[in-house]
Structures are given as structure tokens and as C-alpha cells.
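An overview of the molecular structure
The chain contents come next:
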Amino acid sequence: MSTPSPTTVRTTCPYCAVQCNFDLHLEGGLPVKVTPTKECPVARGTVCKKGLAALSDLRHPDRLSTPLLRKGGELVPVGWAEALAYVREALTPLLERDPGRVGVFGSGSLTNEKTYLLGKFARVALKTGNIDYNGRYCMASASTAMNRTVGYDRGLGFPLEDIGTSDLILLVGANVAETLPPIMQYLKAAKDRGGVIYAIDPRATTTTKVAGRGLNLRPGSDGVLALGLLRQMKLWGKIRPTAPAHGMAEVLAHADAYPPVRVAHECGVAEADFLTLARAYADATKPLILTGRGPEQSAQGTDTVQAFINLAFLTGHFGKPGGGYGTLTGQGNGQGGREHGQKNDQLPGARSLRDPRHRAEMAALWDVAPEELPQPGLSAQELLNACGQPTEQGGIEALIVLGSNPVVSAAGAGQVTERLRALKHLIVIDFLPSETAQLATLVLPGSMWCEEEGTTTNLEGRVQRRRRAMTAPGAAREDWRILCDLAAAVGRAQGFTYGSFRELQDEFFAATRGGKADYSGLSAERLDRASAQWPVRSADGPDTPHAYAPGYPTPGGLATLHVPDVRVHLPAPRALTLITGRLGNQYQSGTQSRRNPALKAEATAQLHPDTAAEYGLKAGDPVRLRTAHGEAVLPVALTPGIRPDTVFLPFHWPETANLLTDPETLDPHSRMPQFKGTALTLHPLGVAASLAGAPPALRAAAPL
Ligand SMILES: Nc1nc2c(c(=O)[nH]1)N[C@H]1C(S)=C(S)[C@@H](COP(=O)(O)OP(=O)(O)OC[C@H]3O[C@@H](n4cnc5c(=O)[nH]c(N)nc54)[C@H](O)[C@@H]3O)O[C@H]1N2
Ligand SMILES: Nc1nc2c(c(=O)[nH]1)N[C@H]1C(S)=C(S)[C@@H](COP(=O)(O)OP(=O)(O)OC[C@H]3O[C@@H](n4cnc5c(=O)[nH]c(N)nc54)[C@H](O)[C@@H]3O)O[C@H]1N2
Ligand code: SF4
Ligand SMILES: [Mo]
């Protein structure tokens, strides 16, 4: 298994959806340094601190290098033969009885090839429909809104450099300076050309400061803001639809109910500030609306995003270079991860599992009968909620997790932990002992980013090679091989016997042929010459920097606008709302970043100083936060830029943000939980109280 170790390998970062390319330098086969490269088509010579620090996890002492099997309550090291024998004994009877009792949970961190293989593994080897992934928690609402409007979804339908040509950018709930730092250069380019940026966020962030203008709106009120803007555009004669579309008259009529006075009241902003923003949008020639997780991660996320898409479409900017609408995808392969079949209702190439033609196409490729492919199963949160429930209620008895840490990141993490504990079998493939892995009955040691080949697709639909630079340590294996091993263990090796990674990769590219997300013109060689934005339909054909030209992949080629159902819950005076999100120095559920000495950060509850004073709290005092779903204890940080009615919590630590979120209420369209916007009460613990009884996350921002 040893590979030649070149001193420098150009690869892509394991973290966010910008997917910076950088050079990883090795000595004696071990990583020593990351350096940025000007040849990176995305970051153009920059890399953020997470990328620079990414190599330190590769040989972290906690790195998993052997399978771990639970015996007598403890996870103990075993060989692969014993691990796979467990898989055979655990899963085979279940699969024979009722394959739907086995669930699979994937991730937007996986390369395209692993995404493809995981979907194929679930549906062909296990024959279960119960596969979904953590993208459901991410940009699913934006993706759902785009799909139902124009039939497909590429986060940004244009190259990043177009952002610099926009004259008005609305950053709606996206803290780009902390979460996608290299994108700031494109925003600054727009500013340098005289463009204006509004950051719309309930709290001041590094991003709102750079933007300089913004709206400090009430959490969950973005949809009303968009409706108010549409109403003003109509009033000011700015309606000139991008293309003919269904639903326009209804959408325009509905917006009449949102005059500035209502918007100001429901969004909790001054009417004059709203009107200044509306005027700026009306006067701009290339306004661009970019949404982040702020407006998207709620039980009305799809309709909220829909309201912004309607605005961009009806004012004629949708799909135009430098203007229109886009969502800022988050995970490294959040884009490709939502296209190639790990979604509960999807087949590769963004095909639909419900479409008989699409089922027949994939069945032919996979050499199975179309009717053998299962129907769509549970969505991510529903899948977790079903774990360990009685079989007659559709309970999941065994779950395989690849690339997610739901004990920290799922909504209602307390309940989710209970559900995972109630499983008969929890098989986690990870490279570090995440909190979810620590609950597993079997942990399989997988591979990290530069220990395997693959491709990822960034937030502008750009497909790039992620090159292998080193081998996984000890008995750890490449994830794609592990999936093939699992298929063999349950006696379903057929279709999972790739002689090399390249065979799998070529099958993946070919499988997308004819799909909306068509990568069939790609190969490792072509991607060595240049990255490419999908669709890429033939080996010698062009790629597609600009998506969303009218003539959409919908019946009749028309867009359909939907009347958004958005309601602002007006809290009682002095009531508080919890929002959760990210810090620049941490990544997601923290498995990787909490172990990284270069990425220090603290879990605190961010409050406005006036709110803190009202509760008699000073910076650093411990406070109990309570919602209808749970409670958490954290020290207070005073942040003057946050709305006094809002409390912000990062979600990177166990037993913090997601103990407080709701595991049951989901967006009816995207099945997104309400990560942003939960009614909250504060209970000071007293200045003298110590944090001794507080969750481990607060005692040390260190690994378990
Ligand atoms: N450092 C770092 N970078 C990351 C990640 C990470 O974990 N750490 N994760 C990656 C991933 S997967 C993702 S999805 C992206 C996410 O990137 P972002 O979308 O930037 O991330 P968040 O911090 O979740 O939310 C953004 C902002 O929304 C605001 N907000 C909360 N509620 C509302 C609301 O109701 N309305 C509005 N308008 N704003 C609101 C928050 O105050 C926050 O500043 O980041 C990616 N990059
Ligand atoms: N309260 C609150 N909760 C949130 C959010 C929020 O804003 N607020 N944001 C949500 C969003 S947008 C997201 S994307 C999710 C993310 O949350 P998670 O789904 O938990 O994602 P990660 O933390 O990236 O977890 C990835 C796990 O898989 C492992 N891993 C990563 N890549 C690979 C791989 O290639 N192979 C293997 N074998 N293992 C891998 C890591 O070590 C880690 O343990 O959290 C969601 N949860
Ligand atoms: S975390 Fe994102 S912005 Fe930072 S280096 Fe990695 S890909 Fe680039
Ligand atoms: Mo995400």
C-alpha cells in the first residue's frame, strides 16, 4: 500500500465549499506545510487559516488506525476480518428480513465518487431506500426552492469573478468573512468598482463590518423582507420578468400585503432603513442576492429563499452574469454531494428516484431490474429520529454513518443521542473518534482528504481534482474500499469489485451522462488541464460557467414561481430568540478543528450588553440557556452588535447549541430543521457558580 511520496502535491482543502487548491509539501511521506498557489482558480493565491492548519490532523495521535468493535461495553481494537464478520452477522439477517431497517447517513464532505458509491451501495448492495445525508441540514432549503422553480440547482450559476461586477450585493445571513474567507476578495472587487454591499444579519459580524451597510433584522423575518422589497419594486415599476413563468400573477398579487410599515414591524427594523435598501435594489443595474444559512436553516427556509428568488426573477436579474440570486454552499463538496445519489430521493447526475426513466437508466448501468431499486426513504432528521424505534413503526435497527457527526450537529442532539444509543448496530466510518463514533458498535478507520483520489464540486459548480498525497495510517483504509468491503461482507459484492479507484471514477462520470448535473465529459486528465463547471456533456465540449439560461429543465421549459408562506412569530416584549452558527476558527461539529492547536476558539453565549445587564450578567459568567427542547450551560460573551432580543451560540461543541434545537419540526419542503430561531430563556447561575458541572465542551476547548 505504499505510494511514492512526491515532495509537493497540488490538492484541495478538506474544509469549506470554496475548495481552495493548495500545495501540500511532504518530507519522508509526512506532511510538513501547506502553501497557497496563485494558480488556484478560486482563491487565487490565498488560503484561510483552516486550510493552512489542515495538515495537523493527518497524523494526530487520536487518528483511527484500526477497526474498533464494542465488546463488553468498550470499543476495542480488532482486525478487519473480525470487523467485517461482525458486519456480516449484524446486517445479513436484517437485509434478508427487511432492508429498510438499515439506514445510511452520508455527507457533503465526501468526494463525488464516494457520494456516488454510497448511494449505489445503499440501493444496490443493501437495497434500502433509507439513505440521506447532512446536506439536508445545510443548503437544502435553497436547493429545494431552486429545484422547484427552475428544475435544477447549482449554488452559484456563475463564476465567482462575476460577483465583482455586481453593483449591489445583498448578503442575507451569510458571514462570508468567517465562513468562506477567500470570497471576500470578490466582494471587495465589487466595492472597489463602486458597488454597495448590504449584510443582512441579526448581529454584527466581521462580514457586516466589511460590508458597511446592512439590516439588523429579527431572526426568521427574511421572507417578509423579500416580500416587502417585491412590493416596492412593483410600486416603482421595476417588474420585468426574466422569462415567462408560471405563478407570476399570484406572487405579485400576494406581495401587495407587505407595505413598508408591516415589513418594519415584523422585521424589527426602521421603516426608513428598509426603504433605503429597497431604493438601492430598485436603482441597481446588477443586484445580486446571496443567501447563507441564516435565512435557510429554518422550518420555513424553502419559502424564505423562494421569496428572494421571486424577487430576482421578477425584476429581471435571475440568471444574469453578476446579478440575480445564488446560495453560498457550505461543505467542501456540498454541491457535488447534493447531486449524485446520497439524497433520499435522488439518483446520480441529479436524477430523480421517482422518475421511471431515471430509474431505468441507473438500473441498466447497475445491472439490476428497475423495480429492485427502492423508493425514496426518510430524510436525514427523520432517519435519526427513527433509529431504535419499534420495527412496526418503521424503526431503523442499524445505521451506517460516513462523514457526519450527528451527536453534535443534528437538531435536538440530546434526543438524537438517545436514538443512536437505542440502535442494535451503529457502524461509523471516520478517521477520528467523533462523538458519534464513540457511541458506535463498530468504528471503521477511513481516509482523510489527501489520502485518497477524487473530485469535489465547489460552490460555483466547479469540479476539481483532489489528489492523493499520502496513504492512510496503520490499518485505516480508503473510504471507497471500505464501502466495497461492506458490500462483500453482506454477500453483495457484485458491482463493488473495482480493480482501481480509476474504474470507480470513470463509472461515476459515465453514470451522470444525460442527467441535469452531467459530468460525463470529465476525466482525471481533463481536470488536470483545467477545472470545469458543470454541465460538461462531452469530452471535447465546453463546460458551463453560466447556468440558468431560460429554457429550464422543467416540463415546457418554464420556471414556476411559488407564493411563499412565511410567517414572522412576533415574540413577547423582552423575549429572547436563539440563533446558532459558526466561528471562523472552528469547523462544523468540531471533530477535526477542536483537535487542531492552530484553531483555538471558545464556546460562549453571545449576548447584547443591555440584555446581559438586564439579567445581571457580566462577560464570562455562566448562564443556563433553556428552550422547549433542552438546556445548556455556557459562559456569556458580550457582543454589542447583536440585537438585544437575540442570543447567538456556535454549534461546534457537543452539548451546546443542538441540545437547544427542535428535532421534530421540519420545513415541509426541504425537511430542514429549525437551526436558527428558537424561543429561549436565560437563567443566570450566579456569579459564584463554577463551571465544574458544565458540559465537557466548556471545561476545555480540547479533544475528548
Ligand atoms: N469557519 C467555518 N467556516 C465554515 C464552516 C464552519 O463550520 N466553520 N462550515 C461550512 C458550512 S457547511 C457552511 S453551511 C457555511 C455556512 O456559512 P454561513 O451561512 O456564513 O454560516 P452561519 O454562521 O451558520 O450563518 C450565517 C449568519 O446567519 C446569521 N443568522 C442567523 N439567523 C438569521 C436569520 O434569521 N436571518 C438572517 N438574515 N441571518 C441570520 C448568523 O448571525 C450568522 O452570522 O460555512 C462553511 N464554512
Ligand atoms: N445548531 C446548528 N446545527 C447545525 C448547523 C448550524 O448552523 N447550527 N449547521 C448544519 C450544517 S450547515 C452542516 S453542513 C452540518 C455539519 O455537521 P456534520 O454533519 O456533523 O459534519 P462534520 O462536522 O463535517 O462531520 C463530519 C464527520 O465526519 C468525518 N469526516 C469528514 N470527512 C470525512 C471523509 O471524507 N471520510 C470519513 N470517513 N469521515 C469524514 C469528520 O471527522 C467528522 O467526525 O451541521 C449542521 N448543524
Ligand atoms: S476552509 Fe475553505 S476557504 Fe479555507 S482554505 Fe479551505 S477551502 Fe479555502
Ligand atoms: Mo453546511
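Residues numbered from 1 in each chain as written. Chains lettered and ligands numbered in written order. Predicted model: local features only at pLDDT ≥ 70, side-chain atom pairs only at ≥ 80, totals over all residues. Heavy atoms only, no water.

Here we look at the confidence of the model for the protein chain
Let me state the cut-off plainly: pLDDT is defined as a per-residue confidence score from the predictor, taking values between 0 and 100. We call two residues in contact whenever any of their non-hydrogen atoms come within 4.5 Å of each other.
For the protein chain, per-residue confidence averages 95 on the pLDDT scale, and residues scoring 70 or more make up 97% of the total. Overall, residues 687–704 carries pLDDT values under 50, and its contacts beyond four positions in sequence, including any with other chains, amount to 29 contacts.

Considerations on the layout of surface pockets
Note the threshold: Only protein atoms enter the 1 Å grid used here, on which a cavity is any set of points holding a 1.4 Å probe that cannot leave and a pocket is any open set flanked by protein within 12 Å on both sides along at least five of seven lines; residues with an atom within 4 Å of a point are listed as lining. Grid points are joined across faces, edges and corners, and a volume is the space filled by probe spheres set on the points. A run of H or I in DSSP counts as a helix once it spans at least four residues, and a run of E counts as a strand once it spans at least two, with each numbered from the N terminus. Only Asp, Glu, Lys and Arg are considered charged in this grouping, and only Ala, Val, Leu, Ile, Met, Phe, Trp, Tyr, Cys and Pro are considered nonpolar; every other residue, Gly among them, is considered polar.
By volume, the largest pocket is sized at about 630 Å³. As for the largest pocket, its lining consists of 34 residues, and the residues nearest its centre are N147, G151, K343, D345 and K516. Every element with two or more residues in the lining of the largest pocket is listed here: α4 (140–150) and β15 (351–352). With six residues, α4 is the largest single contributor of residues to the lining of the largest pocket. Looking at the lining of the largest pocket residue by residue, the classes come out as nine nonpolar, 13 polar and 12 charged. If you add up the space inside the second largest pocket, you get close to 350 Å³. Forming the boundary of the second largest pocket are 21 residues, of which P219, H569, T577, Q674 and G677 lie nearest the centre. Where the lining of the second largest pocket is concerned, the elements lending two or more residues are β23 (576–581) and β28 (678–684). A per-class count over the lining of the second largest pocket returns eight nonpolar, nine polar and four charged.

Description of the domain arrangement of the protein chain
Short version of the rule: Boundary definitions for the domains trace back to an automatic or database domain assignment.
Examined at the domain level, the protein chain breaks down into domain 1 (8–57), domain 2 (70–137 + 341–454 + 474–515), domain 3 (141–327) and domain 4 (576–701). Between the C-alpha centres of domain 2 and domain 3 there is a distance of 36 Å.

What about helix α11 (residues 271–283)?
Keep this limit in mind: The span you would expect from a helix comes to 1.5 Å times its residue count less one. Residue burial is assigned from relative accessible area. The probe radius is 1.4 Å, only protein chains are included, and a residue is buried under 20% of its type maximum, exposed over 50%, and partly exposed in between. Within this analysis, the arc is defined by the directions that extend from the helix axis to the C-beta atoms.
With 13 residues, α11 ought to run about 18 Å at 1.5 Å a step, and its terminal C-alpha atoms sit 18 Å apart, in line with that. Looking only at α11, the buried set comprises F274, L277, A278, Y281 and A282. The buried residues of α11 occupy an angular sector of 140° when the element is viewed end-on, so they sit on one face.

Let's talk about helix α8 (residues 222–235)
Compared with an ideal rise of 1.5 Å per residue, which puts 14 residues at 20 Å, α8 spans 20 Å between its outermost C-alpha atoms and is within 8% of the ideal. Within α8, 12 of the 14 residues are buried, which leaves it mostly tucked inside the rest of the structure. The set of residues buried in α8 consists of D222, G223, V224, L225, A226, L227, G228, L229, L230, R231, Q232 and M233. After α8 finishes, the residue G237 shows a positive phi value of roughly 70°.

Quick notes on the sheet that holds strand β13 (residues 324–327)
To keep it simple, the criterion reads: One requirement defines pairing of two strands: DSSP has to find at least two bridges between them. Every angle, taken between N-to-C directions, lies between 0 and 180 degrees, and every axis is a line fitted to C-alpha atoms, over only the stretch in contact when it is a helix.
Read from one edge to the other, the open sheet built from five strands follows the order β10-β9-β8-β12-β13, with strand pairing classed as parallel. Edge positions in the sheet fall to β10 (212–215) and β13, since each has one partner strand and no second. With direction set aside, neighbouring strand axes in the sheet form an average angle of 20°. Examined bridge by bridge, strand β12 (residues 287–291) and β13 share four bridges and lie parallel to one another. Its bridge partner lying in β13, L288 is registered against G324.

Things to note about the packing of aromatic side chains
Put simply, the test is: Here is the rule: rings of Phe, Tyr and Trp (six-membered ring for Trp) pair when centre to centre is within 6.5 Å. Planes less than 30 degrees apart are stacked, more than 60 are edge-to-face, and the remainder are tilted. Should the NZ of a Lys or the CZ of an Arg lie within 6 Å of a ring centre and within 35 degrees of the ring normal, that charge is described as sitting over the ring.
For the structure on display, the rule yields 13 aromatic pairs. Their ring planes at 55° and their centres at 4.8 Å tell us that Y15 and Y587 sit as a pair that is tilted. Remark: Y587 occurs in the loop between β23 and β24 (605–607) and Y15 occurs in the loop between β1 (8–12) and β2 (21–27); sequence separation between them is 572 residues. One exposure class covers both Y15 and Y587, and it is buried. With a centroid separation of 5.7 Å and an interplanar angle of 45°, the aromatic rings of F313 and F318 are classed as tilted. Each member of the pair, F313 as well as F318, carries the same accessibility label: buried. In textbook terms, an aromatic cluster arises when at least three aromatic residues are bridged by ring pairs, as seen for Y116, W366, F508, F509 and Y519. Here the basic side chain of K120 rests over the ring of F496, its NZ or CZ set 5.0 Å away from the ring centre. The ring of W236 has R279 sitting right over it, with the charged end atom 4.2 Å from the ring centre.

What about the pattern of salt bridges?
This is how it is decided: A pair is scored as a salt bridge if a Lys or Arg side-chain nitrogen falls within 4 Å of a carboxyl oxygen belonging to Asp or Glu.
Inspection of every chain in the model, using the stated rule, returns 42 salt bridges. We note a salt bridge from R671 to E382, for which the minimum N-O separation is 2.8 Å. Taken as a pair, R671 in the loop between β27 (646–650) and β28 and E382 in helix α15 (residues 380–386) lie far apart in primary sequence, 289 residues in all. Given the relative accessible area of 26%, R671 is considered partly exposed. For D485, the salt bridge goes to R477, with nearest N and O atoms at 2.5 Å. Judged by its relative accessible area of 26%, R477 is partly exposed.

Notes on the side chain of N405
Note the cut-off: Distance and chemistry together define a polar contact, namely a pair of N or O atoms within 3.5 Å, with one atom able to donate a hydrogen and the other to accept it when in protein, and with adjacent residues in sequence counting only for side-chain atoms on both sides.
Within the secondary structure, N405 is located in the loop between β16 (398–402) and α16 (406–409). A polar side-chain atom of N405 sits 2.8 Å from a polar atom in the side chain of E435. Among residues more than four places away in sequence, those in contact with N405 are S434, E435, T436, S589, T591 and R594.

Details of the site of ligand 2
Stated precisely, the cut-off is as follows: Near is defined per residue: the residue qualifies when any heavy atom it owns lies within 4 Å of the molecule or strand. Only the protein chains shown count as cover for residues, with accessible areas throughout obtained via the Shrake-Rupley method and a probe of 1.4 Å.
Neighbouring ligand 2 are 29 residues; S404, S409, D430, D479 and S589 lie closest to it. In this structure, R582 approaches ligand 2 through a side-chain N or O atom, which is 3.1 Å from a nitrogen atom. In this structure, an oxygen atom belonging to ligand 2 sits 3.0 Å away from a side-chain N or O atom of K676. Against a free-state accessible area of 910 Å², the protein chains account for coverage of 98% of ligand 2. Of the residues in the shell around ligand 2, the class split is eight nonpolar, 16 polar and five charged.

Some details on unusual backbone geometry
Each neighbour pair has its own omega, and for W534 with P535 the value is -5°, a cis peptide bond. Unlike most non-glycine residues, D367 shows phi in positive territory, near 60°. Positioned with a positive phi, R574 is a non-glycine residue whose angle comes to about 70°. Exposure remark for R574: the relative accessible area of 65% places this residue in the exposed category.

Observations concerning the nonpolar core
We apply this condition: Joining through side-chain atoms within 4.5 Å is the link that ties buried Ala, Val, Leu, Ile, Met, Phe, Trp, Tyr and Cys residues into a set, and such a set is a nonpolar core.
With 113 residues, the main nonpolar core has L91, F121, L170, L225, F318, Y325 and L486 as its most contacted residues. Considering every element that reaches this core, the biggest residue donor is helix α2 (residues 80–97), with nine residues. In this view, L486 contacts L84, V87, F121, I400, I429 and L444; residues no more than four positions away in its chain are not counted. Of all hydrophobic cores here, the second largest spans 48 residues; its members include Y15, L55, L156 and A174.

A closer look at the packing of helix α3 (residues 112–126) against helix α19 (residues 501–511)
Pairs of packed helices are described in terms of their axes, by the angle between the two and the distance that separates them. The criterion, for reference: Here is the rule for angles: anything less than 35 degrees is roughly parallel, anything more than 145 is roughly antiparallel, 65 through 115 is roughly perpendicular, and the remaining ranges are oblique.
Contact geometry of α3 with α19 gives a least axis separation of 10 Å together with a crossing angle of 80°. Viewed along their axes, α3 and α19 adopt a mutual orientation that is roughly perpendicular. Only F501, L504, Q505, E507, F508, F509 and A511 of α19 make contact with α3, whose side of the interface consists of N112, E113, Y116, L117 and K120. Looking at the contact of α3 with α19, its residues break down into seven nonpolar, two polar and three charged.

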